[in-house]
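Letter by letter, the chains look like this.
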Amino acid sequence: MKIRETVMTRALCLAFGSMMLPVAVQAQDNTPEAEKSQQRVEITGSSIKRIDREQASPIQIVKRDQIEQMGASTLQQVLANISANVPDLKDSQSLFTGMDGASSANLRGLGTQATLVLLNGRRLSSYGATYGFQYQFVNIDSIPVDAIERVEILADGASAIYGSDAIAGVINVITKTNYRGLDVRVNGQKSMQTKSNGEYGAAITYGFGDLEKDKFNVFGTLSYYQRDAVYLPQILSSIPDDYYKYHPSFLTNMRIAEGSGPGVLNPGTLFAFSNVGTNRAPAQGCPTPLSLKADGSNTTCALNTLNLGKFWVPSSKRTNGFISAHYDINDNVQAFAELAITHIDLSTDVGPPNFSSGDYPSWYARNTGVKLNTLTFPYLSAKNPYNTLPAKLQGNMGGVAGISYRFLDAAGLAKQSTVDDEFRLVTGLKGNTGRWDWETALTLAETHSVMNQRGSNPSVSGLLAAFGPYTTDPKTGYTIMSDNPAYKFGVDNASNRSLLEKMYPNVQYPSWDKVANLDAKISGKIATLPAGDLMMAAGFNLNYENYSSPGDTAAANGDIWWQGGSWFKGQRTSQALFAEFLAPITKSIEADFAIRDDKYPGFDNNIVPKVGLKIQALDSLLVRGTYSEGFRAPSLAESGTGGIYAVSQVQDPIRCAQTNAIADVLMKSANASDVTTGKNLLNSECSAYNIGGVTSPNSKLMPEKARISTIGFVFQPTKDFDISADYYFINRKNEIIPENYNQLLERAIAKFGPDIADVPGVMLRTPVSPQDKANQGQAAAVCAANPSLCSKLPVYTVGQVGGMIGSYINQSQTLVDGFDVNANARFGLGEYGRLNLGLQTTIARRFIVKGADGEWQDNSVGAYNNPRITGRFSALWNYGQWDLALAANYTGPQRLQGVGGWYDPSYDQESCETRLDTPKSLCSKGIAAITTWTSNISWRPRKDMKLDLNIQNLFNHKPEYDPRGNYGVNNYDNFLGRIVKLSFNYQFK
């Protein structure tokens, strides 16, 4: 490896030397006048300026007017119209993901970590929160749409040009340059089907100075975007009818027609366990008792929860500012600077918290080591004044009772919000010396995000202050609250609110991502070959990253249920050298070669090449192809210090077998209640259950590696028609994934035995619970009554797994391939203007993953959330003062069976046909293809004025029922019905 590094370093040094020598000795420019008249431009995916925008790599360009025709207000909405981009994180659906308030790009469906997002060719800082607590990614909502001139999407590997992350492709947002004048824009949109979902925006853009005449230009834009919050009651009419059909209790369970509603304090429901189940009785003063059995023996205090913070879309307020300045120091040197600032405020009300007596599972916390923290909502003693159980129920638990209570006496307490602030400053110089262009810049960027949660997770100390001191009931072992607790059920006063703020404190998760980058490059002609100029570019990049997410102090100390104080910290400096050559082999064949050497701490130099070939086979036919190697360096969240303290899942073969052994005995009993308990227990612990989990960073991680290739053609028989088709292939290896908890558990059981007692710090079991003892006692009674039923007395020898500790490892592999097809036709209609037609489509062929067992899974293309075909058809008619655009977005069918579906045993043991929430027809045909239309009418009554009427979901497409979707709506579909947007632009010149 060291020999390879030395050779590469020398090669790059020679490249720099050969590049610099002509600069030093060149005395005059002998460039032909014909070449001077053709301006060279730099395009995404190459550092070499070239005359022809066509290159070996396929690239798609979305221009400013196309963005307006889409009706897009955000970059995420722009990318939703790109067939190669797979729907991913959207800020409107980001709550409780740990990435609240952000949106991401996801080319080829390989994840946001495989798509590099650039602004004017340079990197941005990552969002404060990590994607899935693992990947650092760019929040694409931080890029102001009003500053965008065009978006270039390179659907090819580009690590040899840009370094880490550019495996699936690059999205390069290009802002306006040399803009002069004043532009004012306002817009607003509304769903015609729901009662809310308004979006509003305003922007002002101003630029002055002419680079050609004044030698300077300053351009800036300030924009504001606001989206209203949407709650469940406002979208009931948008939910597919079949969802109600297959979930008949969906609304009745929320007590639409009965139960106390908002503003009415509900005193809660008392309950007591018995051998035949749970018996309930309304607490004293209940205004809405509801019998759960015909004989009235089981009664609850009904509560209408429909309006209690059932969020669908959070509100968002976003301010973006962007300033760009260019100044010609002389004819050969230009200074430039960019400043981008973003402020995002995302929030929503969530349902008031609930108190329910009983034990919660254990969890890990950062500052308590491998000790499992526990939380108990206490029970009511027989003497407690709130314990008003009827006499016939008081004996079930020795007089002890539980209580279920919703904290309605703290309206507006429970909220989820995120504040995100980002800035990016770029300053640099660029110029030319004869045939050579050069550029250098310093980039400073920072993101600061703060996520706030209140009402979702209780505090151990807060509950103790409200209901302590606790005692233990000597007969049952239940934890009992004070008979005179500080918190008074069913009372709305200052004391209760103060206690609620202690029970449910604001849990705050701040994060910082800081980047400092110095880059420099030079490009130009190094020789003249028989077929043309041999062009070259070379440069270096020095990058410093610092990521810090300290977590919440109370959570870190184990005081917040399930929130273990996840935290990350890391910093690193990386260096890179790169070179690129563009060589005309013949008049019709051009080769492009690039190579890059990146050095990150923790592993050896990472060297990646890229080779491209472009053949002008005919005047009308261009054939092209590329081969490249890509890589992704481990993120600082994966390789720094810290850990994810969160809910995880594990399947426990020991508990599964022991629970089923008890169930088997109970189901053989002659007693109906024993049989019922047995049926409820059967397989109840054979599926995954929640445990406390820790996933720790791993400083020994290696980079993910990928091999990427494309081959295709561009056919343009006339100037008014062109079609291109490209095959893409990506094989990503060494993927970084969390260790599989099921495999960890199996290995530990095999080595240390079922109780895994000799694995401290790796995994822990909780004690056998009182409910476990009750179940095995019930089985023992059956065996005692009929010994022939039991060859061996079934018992629990171990409790459930309480927590596990794992790490990130290099293990997985993914292979994807398919085709991109694009076609454009342009028609001159004489006095009736012009008509442009366009088609872009992606046809996926394979998406297969090598699992933790080392075996390739089945191809998931065409399965759920992975349609085989996605595409967009567009038509634009320009006629005088009018522009009429019509577009259709198409998503192919998605089967429910197969990988990712219900027949896949790694996801669900049930088959599709046995599910009660799924029509039988869906099992065979799956989710049907989805087509939605968008129209845009632009009118320019004056040269400086434009009005747009944009209608999304023009024909009011109704979503088909998706049994796996959120409230029955597929991720690709539209649940808001027809949306109308009005925009007004005025330019002051």
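Preceding block: the structure.
I will try to describe carefully the structure that is included in this document. (Residues numbered from 1 in each chain as written. Predicted model: local features only at pLDDT ≥ 70, side-chain atom pairs only at ≥ 80, totals over all residues. Heavy atoms only, no water.)

1. Quick notes on the pairing of strand 29 (residues 606-618)
Short version of the rule: Paired strands, in this sense, are two strands between which DSSP finds at least two bridges. Each helix corresponds to a stretch of at least 4 residues labelled H or I by DSSP, and each strand to a stretch of at least 2 residues labelled E; elements are numbered beginning at the N terminus.
By the bridge criterion, 10 bridges tie strand 28 (residues 589-599) to strand 29 in an arrangement that is antiparallel. Bridge pairing in strand 29 links R596 to V608. Between the antiparallel neighbours strand 28 and strand 29 lie 6 residues, among them G602 with a positive phi of about 105°. Pairing of strand 29 with strand 30 (residues 621-632) involves 8 bridges; the strand directions are antiparallel. Across the sheet, the residue bridging to L613 is G625, located in strand 30.

2. Section: the packing of helix 13 (residues 672-681) against helix 15 (residues 770-785)
The angle between the axes and the distance between the axes are what describe a pair of packed helices. Just so we agree on the cut-off: With axes taken as lines fitted to C-alpha atoms, and helix axes fitted only over the stretch in contact, angles between N-to-C directions fall between 0 and 180 degrees. Angles are sorted into four bins: roughly parallel if under 35 degrees, roughly antiparallel if over 145, roughly perpendicular if 65 to 115, and oblique for all others. Definitions for this section: a left-handed crossing has its near helix turned counterclockwise from the far helix by less than a right angle. A right-handed crossing has that turn clockwise. Residues are treated as being in contact if the distance between any of their heavy atoms lies within 4.5 Å. Charged means Asp, Glu, Lys or Arg here, nonpolar means Ala, Val, Leu, Ile, Met, Phe, Trp, Tyr, Cys or Pro, and polar covers whatever is left, Gly included.
Running from N to C, helix 13 and helix 15 cross one another at 135°; their axes reach a closest spacing of 11 Å. One element, helix 13, and the other, helix 15, form an angle in the oblique class. Every pair of crossing elements has a handedness; the one defined by helix 13 and helix 15 is left-handed. Listed contacts from helix 15 to S673, D674, T677 and L681 of helix 13 are N775, Q778 and V782. Counted by class, the contact of helix 13 with helix 15 contains 2 nonpolar, 4 polar and 1 charged residues.

3. Overview of the nonpolar core
Just so we agree on the cut-off: Definition of nonpolar core: a set of buried residues of the types Ala, Val, Leu, Ile, Met, Phe, Trp, Tyr and Cys, connected through side-chain atoms within 4.5 Å. A 1.4 Å probe rolled over the protein chains alone gives each residue an accessible area, and that area as a share of the maximum for its type sets the label: buried under 20%, exposed over 50%, partly exposed in between.
The biggest cluster of nonpolar side chains holds 40 residues, and the ones touching the most others in it are V62, I67, L75, I143, I148 and V151. Breaking this core down by element, the ones donating at least two residues are helix 3 (64-70), helix 4 (75-79), strand 2 (115-119), strand 4 (148-154), strand 5 (169-175), strand 33 (704-718), strand 34 (721-738) and strand 37 (834-850). With residues near it in sequence (within four places) discarded, I143 still touches L75, V117, L119, L124, I148, V173 and N320. Ranked by size, the runner-up nonpolar core spans 35 residues in total, among them L380, M397, M481 and Y487.

4. Focus on the state of the cysteines
Put simply, the test is: Criterion for a disulfide: a pair of cysteine sulfur atoms at a distance within 2.5 Å.
Inspection of every chain in the model, using the stated rule, returns 3 disulfides. Paired through a disulfide, C286 and C301 show a sulfur-sulfur distance of 2.1 Å. Here the disulfide of C286 and C301 is right-handed, its torsion about the S-S bond being about 100°. Highlighted residues: C286 in the loop between strand 11 (277-282) and strand 12 (289-291) and C301 in strand 13 (residues 299-301), separated in sequence by 15 residues. Classification of C286 as buried rests on a relative accessible area of 17%. Here C783 is linked by a disulfide to C790, with a sulfur-sulfur distance of 1.9 Å. One quick way to see it: the torsion about the S-S bond of C783 and C790 is about -85°, and its sign makes the bridge left-handed. For the pair shown, C783 and C790 are each scored as buried.

From the geometry alone we can't say anything about function, so treat these as descriptive.
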